[in-house]
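In case you want the letters, here they are:
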Amino acid sequence: MMSAHPDAAAADRRVSLVMSTLAFTVCFAVWTIFSIIGIRVRQELGLSETQFGLLVGTPILTGSLIRIALGVWTDQYGGRPVLVGTMVSAAIATFLLSYAHTYPQMLVAALGVGIAGGSFAAGVAYVSRWFPPERQGTALGIFGAGNVGAAVTKFLAPFVLVAYGWQTVAQVWAGALVVMAVVFWFTTKDDPVLVARRREGRKAPTAWLELEPLKNVQVWRFALYYFFVFGAFVALALWLPQYLIKVYGVDIRAAGMIAAAFSIPASLFRAYGGHLSDTYGARRVLYWTFLVSILATFVLSYPPTDYVVHGARGTAAFHMEMGLVPFTVTVFVLGFFMALGKAAVYKHIPVYYPQHVGAVGGLVGMIGGLGGFVLPILFGTLLDLTGLWTSCFMALFLLVGGALLWMHLSVRRMEQVAAGPVLDALPPFPEMQGMPAPVRAPKKEGAVLTDWRPEDVAFWAAKGRRIARRNLWLSIPALLLSFAIWQVWSVVVAKLPLVGFRFTTDQLFWLAALPGLSGATLRIFYSFMVPIFGGRLWTTLATWSLMIPALGIGYAVQSPETPYAVFLILALFCGFGGGNFASSMANISFFFPKAEKGNALALNAGLGNLGVSVVQFVVPLVITAGIFGWVGGDPALVKGPAGPTPLWMQNAGFVFVPFIALSAFAAWFGMNDIASAKASFADQAVIFRRRHNWIMCWLYTGTFGSFIGYSAGFPLLAKTLFPDVNALQFAFLGPLVGALSRSGTGWLADRYGGGRVTVGAFLLMMAGVCGVLWFIGAKDQPHAFTGFFLSFLLLFFATGVGNASTFQMIPAIMGSEMARLMPEADAATRARHAATEAAAITGFTSAIAAFGAFFIPKSYGTAIALTGGPQAALWAFFGFYVTCVVLTWAVYTRKGGLLHDIERARRGAPIHPAAAE
């Protein structure tokens, strides 16, 4: 990002700033519309506290998640068209909201309304381009004062709602957006940086280059600050009206007016915060913000309490409770300092990242906006669990305390590094000054490995192998937990009907299938994250992300009133675990030399796959005991052979929480980043032109796609077909057999060739499907379940064999193809390109194949819904395996096939696989 062009006229600057601020004000008013109309919607639909929190938070989710994309597009195409497009899109969705009548329709419409919140990222990048660095803090503070749109909604919406209904509020607010979009387009100009780029004929930077700074931990620290100063502001703006109504008994109009006492200072004084940041420094402003916020949230979090003091002269009783007036004053002070903090955070961004204001500002804004989504849901959940209205401020007290602690530790670390030589020269104690200097131990290897030469035999023996193995053994448990979270629904959904959830069979199969869909999709993106963020940071973040579904499941399953939409969202979040495979394998591949890469990746993937078996073994055990005591919540009583039996379904999620935390901390403090671990997307994108990439996607979907799909669908399928059998106690054996067979049969592909072993694996899978079909047809006969289960074990065994053999085929295929693709190149160049493309194909096929975790369970559910049984789905799988056999034989193993001569000429010579899953 460049500073303002010198030719930019002062008048154009002022117009752009004023119109951008007005546009953001209107967008923010629309973004927080549910803070008022949501109260009436809640009354009409009879929503619970958690449902209401989800409804008001849903627009915040959309507006947060799209901020990165809008910020990048603004850097590439300019803020003017992006802002106008954002306003028009949000206006359409807001108008359609007035025609929603059911809770699911409201949630869908709320997703569209949330587009308005993304305007912040586009506006920050657009405004910053008009001003020099010394004035950007003030300019962005003025622009950010558009947060006052929340107060506009609280002032005006209650009166429109009472007079004409909430539908009219939505229509009027949508009209205001359209008018603002038209006015903005005709009164503003393209920013000077975009004009200069067009004049000089320069292309916009690619999205990948725009995202490069996001690997810096500092960006994520800024995001945490903004999670409080902005996310908590949005959350409280949404939460305060009903808080005031319930706690202080005021009506909706008075609640809106008083809540505005928080929203107005938290918005308008943002401009003043920008001025203070320019004058005194953003860090000092943040210190004051956090210190005052800690004090304010502590006071606000104190619940009404009765005290009885037994003194020497008798007993004295008194009551402590914050009244309406001190409450209003305190939230005014809190809002004032939040406004200063918002400006201070965004003062940092154009200073530290002048070339990437859109991308970095978009990420920080996204995390802050997610606070506005997550915190209202957390507030509602805490209220349901504790019964304390002040519990929302207790959560904010902990949040701001963590932000202050991280900032202070970072500042102290920076000061110590800056004064490092002076501090190192001082003795441990003052009285040792003047004495001979002690011999200092050499410093440990840093987190970033600037010198990494795994192919250098001496370097590898001296320290490379030790570091690489440490990273591998820290990666394995993180990946195992990822697979466990990815597949936890496969166990949970089979138990939901027992604890009072009345979902249809098709709905349950949807829950079992959705983690596969999101996990497979995320794999495509996760494949490229390690070169951008670094393996250590990304592994840590990816592991921490597992907390969201783990905790979410633990809370959601405790109440049968939890809406189905919440379970759908949590099922999608479980896909975080599925996506981690791609980044984990990419990270470990950078650490090992070619001679040991195959074995390292096999260990990482094979032991990671055991997470599927672990979850299906552990969860049925932990849900039968209250291992977390009162912290874990009360059990549900289910019908058992000896009467009502307690079942702690929440333990299915909670049991993984401590292990996720331990693994994330271990990754951060024990793993390393490799400075040279960079990979160009353009270099790898050539695989999309290779026909063998798509053929191997088809074949690997048949092997790994079947493994993960059967793992996800087997528990629920067995429970549906054999309701009298406790299939969950055996379910873990299938994934266990598949994972072990993959690890124990790799020598078959080495000895006989991956193509021929793959053909054999698919023939075994066809036999397994036939066995399953046979025993489903005889399910009422004795021992039918035993045959059904053994047939599935055969399927799992065959998928494991195929997982190893198909991945072994890939480097052999590309090694052979390079002679045709690069006939003029020397052997070393061919080998290098073959290795690069084989690694890329390995990652891409693993992403495509993971969609099996969605399609197989969903195929069961669809077949049962349409035909009354799963046979149609199984026949479809059988037909798919037939195509795999034919394709493998025709292209690779027949006489004249690509691998025919290689596999027969080199029997017994190992062909190292690029990876193994």
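Not measured: the values here are computed from a predicted model.

**Section: the overall build of the chain**
Here is step 1: Summing up its helical and strand segments, the chain has 43 helices and 6 strands in all.
Here is step 2: Buried positions account for 57% of the 917 residues belonging to the chain.
Here is step 3: In the chain, the proportion of contacts linking residues at least 24 apart, taken out of those at least 6 apart, comes to 84%.
Here is step 4: If you sum the accessible surface of the chain, you get close to 36,900 Å²; carbon and sulfur atoms cover 68% of it.

**With respect to the packing of aromatic side chains**
Here is step 1: A complete count under the given rule lists 44 aromatic pairs for this structure.
Here is step 2: Pairing Phe327 with Phe393 gives two aromatic rings, centres 6.1 Å apart and planes at 75°, and the pair type is edge-to-face. One end of the pair, Phe327, is in helix H18 (residues 324–352); the other, Phe393, is in helix H20 (residues 391–418), and 66 residues separate them in sequence. Note on accessibility: Phe327 and Phe393 belong to one class, buried.
Here is step 3: Measuring from ring centre to ring centre gives 6.4 Å for Tyr710 and Phe796, while their planes differ by 75°; the resulting arrangement is edge-to-face. One end of the pair, Tyr710, is in helix H34 (residues 691–721); the other, Phe796, is in helix H39 (residues 784–821), with 86 residues separating them in the sequence.

**A look at the environment of Gln167**
Here is step 1: Within the fold, Gln167 resides in helix H10 (residues 166–187).
Here is step 2: Taking the C-alpha atoms as reference points, Gln167 and Ile37, separated by 130 residues in sequence, lie 8.5 Å from one another.

**A word on the packing of H34 against helix H41 (residues 852–867)**
Here is step 1: Axis separation between H34 and H41 bottoms out at 6 Å; the angle between their running directions is 35°. For the element pair H34 and H41, the recorded crossing hand is right-handed. Residues Gly705, Ser706, Ile708, Gly709, Tyr710, Ala712, Gly713, Leu717 and Thr720 of H34 lie in contact with H41, whose contacting residues are Gly852, Ala853, Ile856, Pro857, Tyr860 and Ile864.
Here is step 2: Tallied by class, the residues present in the contact of H34 with H41 amount to 9 nonpolar, 6 polar and no charged.

**What about helix H7 (residues 119–128)?**
Here is step 1: In terms of burial, H7 is largely enclosed, as 10 of its 10 residues are buried.
Here is step 2: Listing the buried residues of H7 in full gives Ser119, Phe120, Ala121, Ala122, Gly123, Val124, Ala125, Tyr126, Val127 and Ser128.

**Observations concerning the packing of H34 against H39**
Here is step 1: Packing of H34 against H39 brings their axes to within 9 Å, and their N-to-C directions diverge by 160°. Taken together, the axis directions place H34 and H39 in an arrangement best described as roughly antiparallel. By crossing handedness, the relation of H34 to H39 is classed as left-handed.
Here is step 2: Broken down by class, the residue content of the contact of H34 with H39 amounts to 20 nonpolar, 8 polar and 1 charged.

**Looking at the pattern of salt bridges**
Here is step 1: For the structure on display, the rule yields 4 salt bridges.
Here is step 2: Between Arg453 and Asp451 there is a salt bridge; the shortest N-O distance is 2.8 Å.
Here is step 3: With a relative accessible area of 36%, Arg453 lands in the partly exposed category.
Here is step 4: Residue classification places Asp451 among the partly exposed positions, given a relative accessible area of 35%.
Here is step 5: We note a salt bridge from Asp456 to Arg453, for which the minimum N-O separation is 2.7 Å.
Here is step 6: Judged by its relative accessible area of 30%, Asp456 is partly exposed.
Here is step 7: Overlapping salt bridges bring together Asp451, Arg453 and Asp456 as one network.

**Side note on a nonpolar patch on the surface**
Here is step 1: Side chains of Phe269, Tyr272, Val325, Val329, Phe332 and Val333 sit close together on the surface and give an oily, nonpolar patch of about 520 Å² of accessible area.
Here is step 2: The element contributing the most residues to the nonpolar patch is H18, with 4 residues.
Here is step 3: With respect to the helices and strands, the residue Val325 is situated in helix H18.

**Digging into helix H17 (residues 282–300)**
Here is step 1: Taking 1.5 Å of rise per residue, 19 residues should cover 27 Å, and H17 covers 26 Å from first to last C-alpha, within 8% of that figure.
Here is step 2: All of the buried residues in H17 are Ala282, Val285, Leu286, Thr289, Phe290, Val292, Ser293, Ala296, Thr297 and Leu300.

**What to know about the confidence of the model for the chain**
Here is step 1: Of the residues in the chain, 82% reach a pLDDT of 70 or more, and the chain-wide mean stands at 78.
Here is step 2: The secondary-structure element of the chain with the lowest mean pLDDT is helix H12 (residues 207–210), recorded at 46, while helix H42 (residues 871–893) shows the highest, at 91.
Here is step 3: The model gives residues 1–8 a pLDDT under 50, and that stretch makes 32 contacts with residues more than four places away or in other chains.
Here is step 4: For residues 206–210, every residue scores under 50 in pLDDT, and the model assigns this stretch 14 contacts once sequence neighbours within four places are set aside.

**So, the environment of Arg221**
Here is step 1: Structurally, Arg221 is set in helix H13 (residues 217–248).
Here is step 2: Those residues in contact with Arg221 that lie beyond four places of it in its chain are Trp406 and Ser410.

**Describing the side chain of Ser741**
Here is step 1: Assignment of secondary structure puts Ser741 in helix H36 (residues 733–744).
Here is step 2: Given the relative accessible area of 5%, Ser741 is considered buried.
Here is step 3: At 3.0 Å, the side chain of Ser741 forms a polar contact with the backbone oxygen of Gly738.
Here is step 4: Of the polar contacts made by the side chain of Ser741, one reaches the backbone oxygen of Phe797; its length is 3.1 Å.
Here is step 5: Setting aside anything within four residues of it in sequence, one finds Ser741 in contact with Phe796, Phe797, Gly800 and Val801.

Conventions used here
Residues numbered from 1 in each chain as written. Predicted model: local features only at pLDDT ≥ 70, side-chain atom pairs only at ≥ 80, totals over all residues. Heavy atoms only, no water. Helix = DSSP H or I, 4+ residues; strand = E, 2+ residues; numbered from the N terminus. Buried < 20%, exposed > 50% of the residue type's maximum accessible area, 1.4 Å probe, protein only. Contact = heavy atoms within 4.5 Å. Areas by Shrake-Rupley, 256 points an atom, 1.4 Å probe, with all protein chains shown as cover. Phe/Tyr/Trp six-rings, centres within 6.5 Å; stacked < 30°, edge-to-face > 60°. Axes fitted to C-alpha atoms, helices over the stretch in contact; angles between N-to-C directions. Left-handed = near helix turned anticlockwise from the far one by under 90°. Nonpolar A, V, L, I, M, F, W, Y, C, P; charged D, E, K, R; others polar. Parallel < 35°, antiparallel > 145°, perpendicular 65-115°, else oblique. Salt bridge = Lys/Arg side-chain N within 4 Å of Asp/Glu carboxyl O. Patch = residues over 30% accessible without salt bridge, like charges linked within 9 Å, V, L, I, M, F, W, Y side chains within 5 Å. Expected span 1.5 Å × (residues − 1). pLDDT = per-residue confidence, 0-100. Polar contact = N/O pair within 3.5 Å; in protein donor to acceptor, adjacent residues only side chain to side chain.

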